[in-house]
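Geometric and topological summary
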Amino acid sequence: DEKTHARPPRSGNGSDQENTKKTLKDENEALKKNFTGEFETVQRFIIYKQLQWSLYSNLLKVHTCPKCEEGWELHGGKCYYFSTSKSTWDQSRDDCRRGGGDLVKIDSREEQLRLRQKMDYDEDKFWIGLTDSKEEDKWLWVDDSPLNTSLTFWSGKDPDNWTGTNPEGEDCARMGERGGADDLKCWFDRSCKDPQKSICEKSAETGRVTRV
Ligand SMILES: [Ca+2]
Ligand SMILES: [Ca+2]
Ligand SMILES: [Ca+2]
């Protein structure tokens, strides 16, 4: 039966073979071109993804970098506000708290050094968050933690609770007075009623990680 037999391939003449060869060659070229095109597309896609990732990680860095509100200075991951006007210790503390912080607590030698380096003039004297107003000679930070005796920077004979200006003595701590104090030892106890400039401290905002 003719139909059950597959047809043998046509044995074409020479010109047919040439044509087939040419067609195959063309198809091969087309495929090659196509593949190169696709390869370039993939390459471009990878580069695009890489750029997108670096942009994303840079934005992430910006968003997670600690920062401070205007007027506050960033030092060691904390924000500090150096007031320019003078107030009593209590008033200064209220002002700091209204701004979301408190009078500065000096937790390390580095922090003392950083603050000290901000003081260039003799008039750079600031209230810090340290007081013995609850009990004489028992110095407490504003968070009620006792002053660590191995981390104090009293100047000379202070604290002396001097009664010369205020008969109640001196119950608040001020830092500064570069002229009269060597190295880092620049804390003095003063009358809390004295108007002084002050340093507020609060944590830096690290911001939220947002999807780009
Ligand atoms: Ca601190
Ligand atoms: Ca005192
Ligand atoms: Ca004193």
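Since the model is a prediction, treat every value here as computed from it, not as a measurement. (Residues numbered from 1 in each chain as written. Chains lettered and ligands numbered in written order. Predicted model: local features only at pLDDT ≥ 70, side-chain atom pairs only at ≥ 80, totals over all residues.)

1. Observations regarding the overall build of the protein
Summing up its helical and strand segments, the protein has three helices and eight strands in all. Within the protein, contacts between residues at least 6 apart in sequence are counted, and of these 71% link residues at least 24 apart. (Helix = DSSP H or I, 4+ residues; strand = E, 2+ residues; numbered from the N terminus. Contact = placed C-beta atoms within 7 Å.)

2. Examining the pairing of strand E8 (residues 197–203)
In terms of strand pairing, strand E2 (residues 78–82) meets E8 through five bridges, oriented antiparallel. Bridged to Tyr 80 within E8 is Glu 201. As paired strands, strand E4 (residues 125–131) and E8 are joined by two bridges and run parallel to one another. Paired with Phe 126 across the strands is Lys 197, a residue of E8. (Pairing = 2+ DSSP bridges.)

3. Structural notes on helix H2 (residues 89–98)
Within the sequence span of H2, burial applies to Trp 89, Ser 92, Arg 93 and Cys 96. Down the axis of H2, the buried side of the element spans an arc of 100 degrees, and every buried residue falls inside it. Tucked inside the fold, the buried residues of H2 contact strand E3 (102–103), E4, strand E6 (172–176) and E8. Count one or two residues on from H2 and you reach Gly 100, which has phi positive near 90 degrees. (Buried ≥ 20, exposed ≤ 12 C-beta atoms within 10 Å, placed from the backbone. Arc of directions from axis to C-beta.)

4. Section: unusual backbone geometry
Residue Asp 158 is joined to Pro 159 through a cis peptide bond whose omega torsion reads 0 degrees. Position of Pro 159 relative to the elements: it lies in the loop between strand E5 (140–141) and E6. Located in the positive-phi region is Asn 161, a residue other than glycine, with phi close to 50 degrees. Assignment of secondary structure puts Asn 161 in the loop between E5 and E6. Residue classification places Asn 161 among the partly exposed residues on the basis of 14 C-beta atoms within 10 Å.

5. Notes on the nonpolar core
Judged by nonpolar contacts, the single largest core of 25 residues is most densely connected at Tyr 80, Leu 103, Val 104, Ile 128, Ile 199 and Cys 200. Mapped by element, the contributors of at least two residues to this core are E2, H2, E4, E6, strand E7 (187–190) and E8. Per element, the largest residue contribution to this core is four residues, and it comes from E4. Not counting residues within four places of it along the chain, the set of residues in contact with Leu 103 comprises Ser 92, Arg 93, Cys 96, Trp 127, Ile 128, Gly 129, Val 142, Ser 198, Ile 199 and Cys 200. (Core = buried A, V, L, I, M, F, W, Y, C linked by C-beta atoms within 7 Å.)

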